[in-house]
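Chain and residue survey
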Amino acid sequence: MRSSPSPALLLLTATALALAGAAVPSTAAAANSVTVYYATGWPAANIHYAPNGGSWTSVPGVAMNETACAGWKKRTIDLGSATGLKAAFNNGSGAWDNNGGADYTIGTGTVKVSGGDVTSGDPCSGGTGPGGKAEVFYHKKTKGWPTVNVHYQPTGGSWTSVPGVAMNETACADWAKRTIDLGSATGLKAAFNNGSGAWDNNGGADYTLGSGRTTVKDGVVTANAADPCTPAPEDETPPGAPTGLTATAQDTTIKLSWNEATDDVGVTGYEITRVKDSGAPVTLTTATNTVYTDARLDPRTTYTYTVRALDAAGNRSEASPAASAKTGDEPATPGKGSPLGGDPREDSIYFVMTARFNDGEPANNRGGSQHVKSGNAAAGDPMFRGDFKGLIDKLDYIKGLGFSAIWITPVVLNRSDYDFHGYHGWDFYRVDTRLETPGATYRDLIDRAHAKGIKIFQDVVYNHSSRWGAKGLYVPAVWGSRDGEWKWLYSRKDPGREYDPMEEQRGDDPELTAAQNEMAKGRPYNGDLWSATAPAGNTCRDYGTPTSYRSPEGFTIRNCQWPSPTSGMFPAQYYHQCWLGNWEGADSKSCWLHDDLADLNTESKAVQDYLIGAYNSYIDMGVDGFRVDTAVHVSRLTWNRRFLPAIRQHATAVHGEKGKDFYVFGEVGAFVHDKWNRGSVNHSAQFYTWKERKEFDPDDAKAVVEQYDYENLMGTANQPTSDNAFLRGNDYHAPDHSKFSGMNVIDMRMHMNFGEASNAFTAGKDSDDSYNDATYNTVYVDSHDYGPNKSNERYAGGTDAWAENMSLMWTFRGIPTLYYGSEIEFQKGKRIDCGPTCPLSTTGRAYYGDHLAGSVTASDFGVVSSATGAVAQTLDKPLVKHLQRLNRIRRAVPALQKGQYSTEGVSGQMAYKRRYTSGAVDSYALITVTGGATFTGVLNGTYVDAVTGDRRTVTGGTLTVAAPGKGNARVYVLDLPGNPAPGKVGDAGPYLK
């Protein structure tokens, strides 16, 4: 993600939004209502609420005066297009319940609010009192328990005596059952046990259950559940056969596409059958998308395919009509490449903004129309300056720092006015022309990096396109005219000519006045976009009608002149049609973040196919992974159902075993210090690392709403947990990734807490049970968007603090990542982004190449054999020396790369033990950063510190380490048979000494 950039045609800011009727942000589509029951002893109650994306009612709200049973107040609220609301309750006389200041988050349907808990269901539908009865089923087969007790606490009441009450009511073999009379309560907290000391208390959080029938299985609570002991009617109806199957060959790869099949319950996948020439049929891996890549086939061979749809009951449809394609020769085109493969946790990542890192070819520099206004012109610093050639030229600098992976900003062709960062994709199938030069194409960069053992992680955007749409998907009609007011803004139409950011207006058009030429200067060709009259197919309302608004230049603004989601300019088939109102609401998944980020309808098959096809082409080039921008603004269900399976399938099909190592890490922007993002699981980073745990509607648009509501009602206490990041005692255990979604994440909580390394460490430990596997988290201090604590400035905590942060990141779990220039505290304390309102040279996105001038040769990771000029001075900085040694130590100790960790028996503020065991590798290390520590209950043997070379023999399970000092660390590695400790790695430096 990025801070708000400048408008591409800079007509205006706030007033521009109004030109197409965008005065009030709207919310995600779907008409809804909610019936709210509130448990209270007040004689009267009001509900004060705000629909998601809307405004609050006037205080005290509306009366909850509908008929309800004793102890409850009721009100039904029409939500319109909203998918939920925020609420607080009061008695009209000054008494309030606002959930401790957080307000209540309520979805749709029928909801009960009691004792601070929000659950579903009608409390007045039966039973005794407002709570009625809770019929609880527990899946005892999972635990292998012959008997089960439920230990519980009704809401507002007391816990039963341990071990609780026997779940001995009649049920089927796999389940235990108990009906609990709730009296006046609305629900209960519960834990389960076998009466012999074995407990299931939901990882320490206990289970939150409502009234009615609830099932608890494998840690999953299902409210209003069907009786698990009553078999559901058997589904014997097969899905309809898929239609529209096509097969397209490229080299020795064939790409398949088909239309979605229908089913009375829902299609769960597709089975593909392949026949080579006239040979025997082969069944391929079942696909969940309607696209499939079949790669590494025999050359010049005909393959014929059919597809069947499957449902949850195992029914198979009839086969689709067949489609055939003949492969060509083995690929010999420059577009094909191969990733390096290997566990991404073995890498450390260097993050560069390509256009601001190093300028390899000045001829492709571009200033854009804001060159003068921004102050960049006066600074002699064009907005778009760096390129792939510049990055290739400094690969040895990055390797010399010790990094084995580079995360680069998006490479697709952009179309916005201030878009050097790359997040305004216009043609997702084409690399931006300002980045490539002869001999330094994107493919050249990938190959040159791979030759040095360096991976390329490409930043990708699925959430939005440029404000002008996406070429090949949908480009809206835009009003424009070369009249007396706007001639400077709109290019003279040139039939057949297309947008190319390399071709900018020079400000010498004889048809324009001197003032108009000055306004036109730097603008690329846009004659392909505008029309003075509504063209065929236009969907924008009141096309070209003058509004009451004026541009900053004083010119009349017209309807459909500026992109807007609410004007009809962007059809719902391709784009969402609302403004984002609530960053932690459902509309954040389906509304525009900003007027230059047209929000793609990622629930639409046309959009899904466009994006999957585009990013498959970069997988083909051999990139090693994707960093996913604005991942949180696409539903997890869409990632799990569509995009992540497509990435995995294509990468594996094209690259085999190396493709299985393709690393995906998402930006789930949770800019809070807490474990869960303001209590919203749907907007928390760890949520995206898990698969779905139930089936939702086969229609993606309906399913994302169902999933959102379901998980919000499940709440934070009922999310899955894992010990994949943790040692069991001193033992490493094989991690369970069976519930992994396929997306890893940037560790937002550590990032937010990195004002102090110790705070980041404490936050990381606290959150790690909620990720599928936190050892795969990407960890950084600051980036191109924010510093710690959501600061708008680059980190300025001081050199010692930077050294401490690095020592923690390079020895604790996760993949350490550094934003370019932080190795010399580049631009520390400078505002990261201010759009075109100030020179880039004064921001955290300043040009770095001046610090890289000269030559540099790396003989190994973290080892520079020679350097001259400015880059030699850069490499002599204290944090560079510190970073180089940290990278070398991390590469020498597998436990630091891939190990699970524990703080059990460890004293010290930032101290932990780590171990990684796989095959012949067994790596065990004891680490402390800055402060002293005592490790008890550890393995006996000889330990060697990788920092100092100090040798210690432990015979009683205890090792005590003196405080090494701020930013320093000790890494005592156990010397094991077949796994010797590496000894002292590198030379003493300014911090590691």
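Residues numbered from 1 in each chain as written. Predicted model: local features only at pLDDT ≥ 70, side-chain atom pairs only at ≥ 80, totals over all residues. Heavy atoms only, no water.

1. Examining the confidence of the model for the protein chain
Segments scoring low in pLDDT should not have their predicted coordinates read at a detailed level. Counted only if it meets this: Known as pLDDT, the predictor's per-residue confidence is scaled from 0 to 100. Should any heavy atoms of two residues lie within 4.5 Å, those residues are counted as being in contact.
In this model, the protein chain carries an average pLDDT of 92, and 96% of its residues clear a pLDDT of 70 or more. Per-residue pLDDT stays below 50 along residues 1-31; that stretch engages in 118 contacts with residues further than four places along the chain or on separate chains.

2. Some details on the nonpolar core
This is how it is decided: Nonpolar cores are built from buried Ala, Val, Leu, Ile, Met, Phe, Trp, Tyr and Cys residues. Side-chain atoms within 4.5 Å join them into one set. Exposed residues in this analysis have more than 50% of their type's maximum accessible area, buried residues have under 20%, and partly exposed residues fall in between, with area computed by a 1.4 Å probe over protein chains only. Counting from the N terminus, the helices are the DSSP runs of H or I reaching at least four residues and the strands are the DSSP runs of E reaching at least two.
Tyr350, Phe357, Tyr397, Ile408, Tyr442, Tyr462 and Trp639 are the most contacted members of the largest nonpolar core, which has 163 residues in total. Element by element, the count of residues in this core is highest for helix α8 (residues 605-621), at nine residues. Setting aside residues no more than four positions away along its own chain, Tyr442 makes contact with Phe388, Ile408, Val411, Val431, Glu436, Ile456, Gln458, Tyr618, Met621 and Val623. Core analysis: the second largest hydrophobic core is formed by 26 residues, Val136, Val148, Ala185 and Val221 among them.

3. Observations concerning the packing of aromatic side chains
Note the cut-off: A pair of Phe, Tyr and Trp rings is counted when the ring centres sit within 6.5 Å of each other, with Trp represented by its six-membered ring. The angle between the planes then sorts it: under 30 degrees is stacked, over 60 is edge-to-face, the rest tilted. Either the NZ atom of lysine or the CZ atom of arginine qualifies as a charge over a ring when it sits within 6 Å of the ring centre and within 35 degrees of the ring normal.
Enumeration according to the criterion identifies 60 aromatic pairs in this entry. Between Tyr462 and Trp639, the aromatic rings sit 4.9 Å apart at their centres with planes inclined by 70 degrees, giving edge-to-face as the arrangement. Remark: Trp639 occurs in helix α9 (residues 636-660) and Tyr462 occurs in the loop between β30 (455-461) and β31 (464-465); sequence separation between them is 177 residues. Each member of the pair, Tyr462 together with Trp639, is buried. The interplanar angle of 75 degrees and the centroid separation of 5.1 Å between the aromatic rings of Phe570 and Trp592 together place this pair among those described as edge-to-face. With a gap of 22 residues between them, Phe570 in the loop between β35 (556-558) and β36 (598-599) and Trp592 in the loop between β35 and β36 connect regions that are remote in the sequence. The residues Phe570 and Trp592 share a single accessibility class, namely buried. Arg415 extends its terminal NZ or CZ atom over the ring of Trp426, reaching a point 4.6 Å from the ring centre.

4. Quick word on the environment of Asn744
Relative to the elements of secondary structure, Asn744 occurs in strand β39 (residues 744-745). Residue class for Asn744 comes out buried when judged on its relative accessible area of 9%. For the pair Asn744 and Glu667, spaced 77 residues apart in the sequence, the C-alpha separation amounts to 9.2 Å. With sequence-adjacent residues up to four places away left out, Asn744 is seen in contact with Tyr663, Val664, Phe665, Gly666 and Tyr776.

5. Some remarks on the state of the cysteines
In plain terms, the rule: A pair of sulfur atoms, both from cysteines and within 2.5 Å, is called a disulfide here.
Enumeration over the complete set of coordinates arrives at four disulfides. For Cys834, the disulfide goes to Cys838, at an S-S distance of 1.7 Å. In this structure the cystine formed by Cys834 and Cys838 twists about its S-S bond by roughly -60 degrees; its chirality is therefore left-handed. Residues Cys834 and Cys838 agree in their burial class; the two are buried.

6. Thoughts on the side chain of Gln561
Quick note on the threshold: Counting of polar contacts relies on pairs of N or O atoms within 3.5 Å, with two restrictions inside protein: one atom must be capable of donating a hydrogen and the other of accepting it, and residues adjacent in sequence are counted only when both atoms are side-chain atoms.
Here Gln561 is to be found in the loop between β35 and β36. For Gln561, the side chain forms a polar contact with the side chain of Tyr490, separated by 3.2 Å. From its side chain, Gln561 meets the backbone nitrogen of Arg558 in a polar contact 3.0 Å long.

7. Examining the pairing of strand β19 (residues 246-250)
Looking along a regular strand, one sees the side chains alternate between the two faces of the sheet. Applied cut-off: Think of it this way: DSSP has to see at least two bridges between two strands before they count as a pair.
Where β19 lies against strand β20 (residues 253-257), five bridges are found, and the strand directions are antiparallel. Its bridge partner being in β20, Thr246 is matched across the sheet by Ser257.

8. A look at the packing of helix α13 (residues 799-811) against helix α15 (residues 878-892)
The line we're drawing: Helix axes are fitted only over the stretch in contact, all axes being lines through C-alpha atoms; the angle between N-to-C directions runs from 0 to 180 degrees. Our angle categories are set so that under 35 degrees counts as roughly parallel, over 145 as roughly antiparallel, 65 to 115 as roughly perpendicular, and the remainder as oblique. Side-chain classes follow a simple rule in which Ala, Val, Leu, Ile, Met, Phe, Trp, Tyr, Cys and Pro form the nonpolar group, Asp, Glu, Lys and Arg form the charged group, and the remainder, Gly included, forms the polar group.
Where α13 meets α15, the closest approach of the two axes is 10 Å, and the angle between their N-to-C directions is 10 degrees. Classified by the angle their axes make, α13 and α15 are roughly parallel. On α15, the residues that touch Thr799, Trp802, Ala803, Met806, Ser807 and Trp810 of α13 are Leu879, His882, Leu883, Leu886, Asn887 and Arg890. Here the residues of the contact of α13 with α15 sort into seven nonpolar, four polar and one charged.

9. Examining the packing of α9 against helix α10 (residues 700-714)
For the pair α9 and α10, interaxial distance at closest approach is 8 Å and the crossing angle is 130 degrees. Classed by the angle they form, the pair α9 and α10 counts as oblique. Each of Arg636, Leu637, Thr638, Arg641 and Arg642 in α9 lies in contact with α10, whose residues at this interface are Asp700, Ala703, Val704, Gln707 and Glu711.

10. Overview of the sheet that holds β19
Here three strands make up an open sheet; going across it, the order is β19-β20-β23 and the pairing antiparallel. Two strands bound the open sheet, and with one partner strand each, they are β19 and β23 (291-294). Strand-to-strand, the axes of this sheet are offset by a mean angle of 20 degrees, without reference to chain direction. Pairing of β20 with β23 involves four bridges; the strand directions are antiparallel. Along β23, the bridge assignment pairs Ile254 with Asp294. The sheet strands contacting α9 are β20 and β23, and the helix crosses β23 at an angle near 15 degrees.

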